[in-house]
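The residues making up each chain are set out below.
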Amino acid sequence: MPRYEVTIEKDACDGIFACLTRDPRFVEGENGLATIDPGADPVYDCEGEVTNNAERVVATFDDDRIDEAQQAAAACPTDAIVVREMGE
């Protein structure tokens, strides 16, 4: 399974939430912007490590759902989301 990192740049996010319809791990945060909650998916158990600071949200996953994350990134009209596969 690929290991990958999902980054949301908070300054670029406008809270349009197109990502939420592509990947249920994306949720609305307390600040009204998109964030990532690995446990938010009602169908699949998901584990991930999430770091949330003033500038960005960074989540690292080791599963076979990179396509869903990439679809969420592609749907973001402000290009606030980047998905990067990590080398071993």
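All figures in this text were calculated on a predicted structure; none of them were measured in a lab.

**Student:** Looking at this structure, how should I read the overall build of the protein chain?
**Tutor:** When you go through the protein chain residue by residue, the secondary structure sums to one helix and six strands. In the protein chain, the succession of helices and strands from N to C terminus is β-β-β-β-β-α-β. Here the C-alpha radius of gyration of the protein chain, 12 Å, is about what a compact globule of 88 residues would show, namely 12 Å. The buried share of the protein chain, reckoned over its 88 residues, is 41%. The long-range fraction of contacts in the protein chain, counting pairs at least 24 apart against all pairs at least 6 apart in sequence, stands at 58%. One way to put it: in the protein chain the 7 positive side-chain charges average out to a point 2 Å from where the 21 negative ones average out.

**Student:** Please clarify how the side chain of Asp-23 should be interpreted in this entry.
**Tutor:** Within the secondary structure, Asp-23 sits in the loop between strand E1 (3-9) and strand E2 (26-28). Given a relative accessible area of 0%, Asp-23 falls into the buried group. Within polar-contact distance, the side chain of Asp-23 engages the side chain of Arg-25 at 2.7 Å. In this view, Asp-23 contacts Arg-65, Glu-68, Ala-69 and Ala-72; residues no more than four positions away in its chain are not counted.

**Student:** Can you help me understand the pattern of salt bridges in this one?
**Tutor:** Close approach of charged atoms lets side chains of opposite charge pair. What the rule picks out here adds up to six salt bridges. The partner of Glu-5 in a salt bridge is Arg-84, and the shortest N-O contact between them spans 3.1 Å. Placement of the pair is Glu-5 in strand E1 and Arg-84 in strand E6 (residues 81-86), with a sequence separation of 79 residues. For Glu-5, a relative accessible area of 18% corresponds to the buried category.

Parameters at a glance
Residues numbered from 1 in each chain as written. Predicted model: local features only at pLDDT ≥ 70, side-chain atom pairs only at ≥ 80, totals over all residues. Heavy atoms only, no water. Helix = DSSP H or I, 4+ residues; strand = E, 2+ residues; numbered from the N terminus. Rg over C-alpha atoms; globule rule 2.2 N^0.38 Å. Buried < 20%, exposed > 50% of the residue type's maximum accessible area, 1.4 Å probe, protein only. Contact = heavy atoms within 4.5 Å. Lys, Arg positive; Asp, Glu negative; His and termini not counted. Charge placed at Lys NZ, Arg CZ, Asp CG, Glu CD. Polar contact = N/O pair within 3.5 Å; in protein donor to acceptor, adjacent residues only side chain to side chain. Salt bridge = Lys/Arg side-chain N within 4 Å of Asp/Glu carboxyl O.

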